Amino acid sequence: SRTFMKPYALEVADVEGDGLDEVIFGLDPVISNLATISVYRYDAATNSLRSWATMDDRVPGQSQNSAFIRVGNVDDDDQIEYIRSAGSIIVTGLDLEVAWNGLASHFFGGPFGGGLDATIAPGEQRLVFSAIGYESQWRSETGPRILALDADTGAYSASAMNIGEDDYRAVPIQVTDYGLDGVDEVFLIKGYDDHWHYAVWDIVEDRQRWRSPTDTRQAASIRKDDVTGDGRDDFIVDLGLSISVYDLANESLVWESTNSGNDFTLGDLDADGNLELITKLYDPESRRSLMHVYGKSSEATYELRTSEIIGRSIDVDGFAVGDSDGDGEAEIFVLTHDLEVLRLDADLKELSRFTIAGIEPGRAEQVTGIYLDPPGAGRRNLILTTSAADRIIGVDPINGSLVWKSPPLMGAVTANGLRHTDIDGDGEPNLVLATEFGVYVTR
């Protein structure tokens, strides 16, 4: 063109709602950095397009042009918004003024973790993730940070400073009402200079509220339950060499497994309203996995109820717990390293097994996690996260037949990175995913 401009993104949509489409596109002037987004309307009198609105395609902290432009009503206000991607997701109104910009003062990279529902004010929820902060799109890691996502709009806020140093991976987190004020904080294990501590991070005030006075070890996963019976959250932590229970209210370690374990889950196996602790460890004698079921004891800790060597392979890759067939009895689903799923009863006795369909034999690393649809979701399928094409699949919990599969995702789902959360209060659980390179929320 005469101004040496080239288009780099294009969309055609009825912006005004008058039945006539407008043309929205980005223009790069090639010889300068003044990229613009323009909206043109057709002029029948001249049989040409005339300019209706133009904006600069750069916002503070952004260093690239929009990769795509879309138009739609994203916040249910009966008004059209422009949605574009340029190092972040940016939403503008009809006047092309920025309504919100997903880009903070730093960039985020994977892997992401969490996806937990948190209350930040009465009636105001956020999905909380941990992620790695970067100084620029050229990376330069700054360490793990907390990200709070508004699931309705996609806007997010992020901790202004690192929450620790953890070899630049997303630290495991849990959500708890630490101050008993109806507002949630984040419980985590954070590290500096190879010293690890339990800590509580205030999402709203963006500061550390508390840190344990003594050291602990680096954590692989954290879950919560009232183990001590005081009405407060206790935290069950996979520390690699053991499973520990930390009483946050009394700032004390109340229980630790005597055997080395490296994975666990919680589930109510006997329908008494209390969650049992199911763990697995590697048994060197049999070269197979030894599973334990612990129940709550009268001393407000855990006691061993049963243990069993299970599977034909050297290891177990994950658990899921729930009543899949509606008979009122919870089952334990065990994902083995040779692509079998074992269905066990509460005493760890095998009920059935199946081989996962659609995954190439001998490629066990392609299945990374196992989950069960929540109660009230209708049919309760098993959900398997895979690194094969980075997707998730739903299978029948009894025979393993394929029910559905997702399109490819932005990276594989991370450990414990799939959750069901009713984020909009409609009684239907939404699927929340944390992956290697991003996060997903279903509607």
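The rules behind the values
Residues numbered from 1 in each chain as written. Predicted model: local features only at pLDDT ≥ 70, side-chain atom pairs only at ≥ 80, totals over all residues. Heavy atoms only, no water. Helix = DSSP H or I, 4+ residues; strand = E, 2+ residues; numbered from the N terminus. Buried < 20%, exposed > 50% of the residue type's maximum accessible area, 1.4 Å probe, protein only. Areas by Shrake-Rupley, 256 points an atom, 1.4 Å probe, with all protein chains shown as cover. pLDDT = per-residue confidence, 0-100. Pairing = 2+ DSSP bridges. Axes fitted to C-alpha atoms, helices over the stretch in contact; angles between N-to-C directions. Patch = residues over 30% accessible without salt bridge, like charges linked within 9 Å, V, L, I, M, F, W, Y side chains within 5 Å. Salt bridge = Lys/Arg side-chain N within 4 Å of Asp/Glu carboxyl O. Lys, Arg positive; Asp, Glu negative; His and termini not counted. Charge placed at Lys NZ, Arg CZ, Asp CG, Glu CD. Contact = heavy atoms within 4.5 Å. Phe/Tyr/Trp six-rings, centres within 6.5 Å; stacked < 30°, edge-to-face > 60°.

**Student:** What is the right way to look at the overall build of the protein in this model?
**Tutor:** Tallying secondary structure elements over the protein gives zero helices and 35 strands in all. A total of 443 residues make up the protein; the buried ones form 51% of that total. Accessible area for the protein stands at about 20,500 Å²; split by element, carbon and sulfur atoms hold 49% of it.

**Student:** Just to check I follow, could you spell out the confidence of the model for the protein for this structure?
**Tutor:** Low pLDDT marks stretches whose predicted atomic positions should not be read closely. Looking at the protein, pLDDT values average 80 and 79% of them are 70 or higher. By mean pLDDT, the top-scoring element of the protein is strand β13 (residues 173–176) (95), and the lowest-scoring one is strand β8 (residues 98–101) (58).

**Student:** Would you mind showing me how to read the sheet that holds strand β31 (residues 391–395) here?
**Tutor:** Adjacent strands of a sheet pair through backbone hydrogen bonds, lying either parallel or antiparallel. Within the open sheet, the four strands sit side by side as β29-β30-β31-β32. Their pairing is antiparallel. Two strands lie at the open edges of the sheet, namely β29 (367–372) and β32 (402–405), each paired on one side alone. Shown here is a sheet whose adjacent strand axes are inclined to one another by a mean of 25°, direction ignored. As paired strands, strand β30 (residues 382–386) and β31 are joined by five bridges and run antiparallel to one another. Counterpart to L384 in the pairing with β31 is I393.

**Student:** Looking at this structure, I do not really get the pairing of strand β34 (residues 430–435). What am I missing?
**Tutor:** On any regular strand, side chains alternate: one points to one face of the sheet, the next to the other face. Counting buried positions over the six residues of β34 gives six, a clear majority of the element. The alternating pattern of β34 places N430, V432 and A434 and L431, L433 and T435 on opposite faces, both of which are buried. Sheet analysis places strand β33 (residues 413–421) next to β34, joined by five bridges and oriented antiparallel. The residue bridging T421 from the neighbouring strand is N430, located in β34. Between β34 and strand β35 (residues 439–441), which pair antiparallel and follow one another directly, the connecting turn spans three residues.

**Student:** Where do I start with a negative patch on the surface in this structure?
**Tutor:** Taken together, the side chains of D117, D152, D422, D424, D426 and E428 present a region of like negative charge at the surface. Inspection of the secondary structure puts D424 in the loop between β33 and β34.

**Student:** How do you make sense of the environment of Y294 when you look at a structure like this?
**Tutor:** Its place among the elements puts Y294 in strand β23 (residues 288–296). Residue class for Y294 comes out buried when judged on its relative accessible area of 6%. In this structure, the C-alpha to C-alpha distance between Y294 and L304, residues 10 residues apart in sequence, is 4.4 Å. Excluding residues within four positions of it along the chain, Y294 makes contact with W255, S257, E276, L277, T279, Y302, E303, L304 and R305.

**Student:** Before we go on, may I ask you to explain the sheet that holds β33 in this structure?
**Tutor:** Pairing in this open sheet of three strands is antiparallel, and the strands run β33-β34-β35 from one edge to the other. Of all strands in the sheet, those with a lone pairing partner are β33 and β35, marking the two edges. When the angles between neighbouring strand axes are averaged without regard to direction, this sheet yields 10°.

**Student:** What should I look at first to understand unusual backbone geometry in this one?
**Tutor:** A negative phi holds for most residues other than glycine; trans holds for most peptide bonds. A positive phi angle is found at N47, which is not glycine, with a value near 55°. Among the structural elements, N47 can be located in the loop between β3 (36–43) and β4 (48–56). N47 gets classed as exposed once you look at its relative accessible area, which sits at 57%.

**Student:** In this structure, what is going on with the packing of aromatic side chains? I would like to understand it.
**Tutor:** Any aromatic ring pair is given by two values, namely how distant the centres are and how the planes are angled relative to each other. Taken as a whole and assessed by the stated rule, the structure comprises six aromatic pairs. For the ring pair F187 and F235, a centre distance of 3.8 Å and an interplane angle of 10° mean the geometry is stacked. Of the two residues, F187 sits in strand β14 (residues 185–192) while F235 sits in strand β18 (residues 234–238), which places them 48 residues apart along the sequence. Across the pair, exposure class does not vary: F187 and F235 are buried alike. When the centroid spacing of 6.2 Å and the interplanar angle of 40° are considered together, the rings of W210 and Y246 count as tilted. In this pair, W210 is assigned in strand β16 (residues 207–211) and Y246 in strand β19 (residues 243–247), connecting sequence segments 36 residues apart. Exposure class is identical for W210 and Y246. Each is buried. One aromatic cluster is present, built from ring pairs that chain together F187, Y198, W210, F235 and Y246.

**Student:** Help me understand the environment of V254 in this model?
**Tutor:** Following the sequence through the fold, V254 ends up in strand β20 (residues 252–256). On the basis of relative accessibility, which here comes to 26%, the residue V254 falls in the partly exposed class. Distance from V254 to V227, taken between C-alpha atoms, is 9.2 Å for residues 27 residues apart in sequence. The residues contacting V254, other than those within four sequence positions of it, are T228, V245, D247 and T301.

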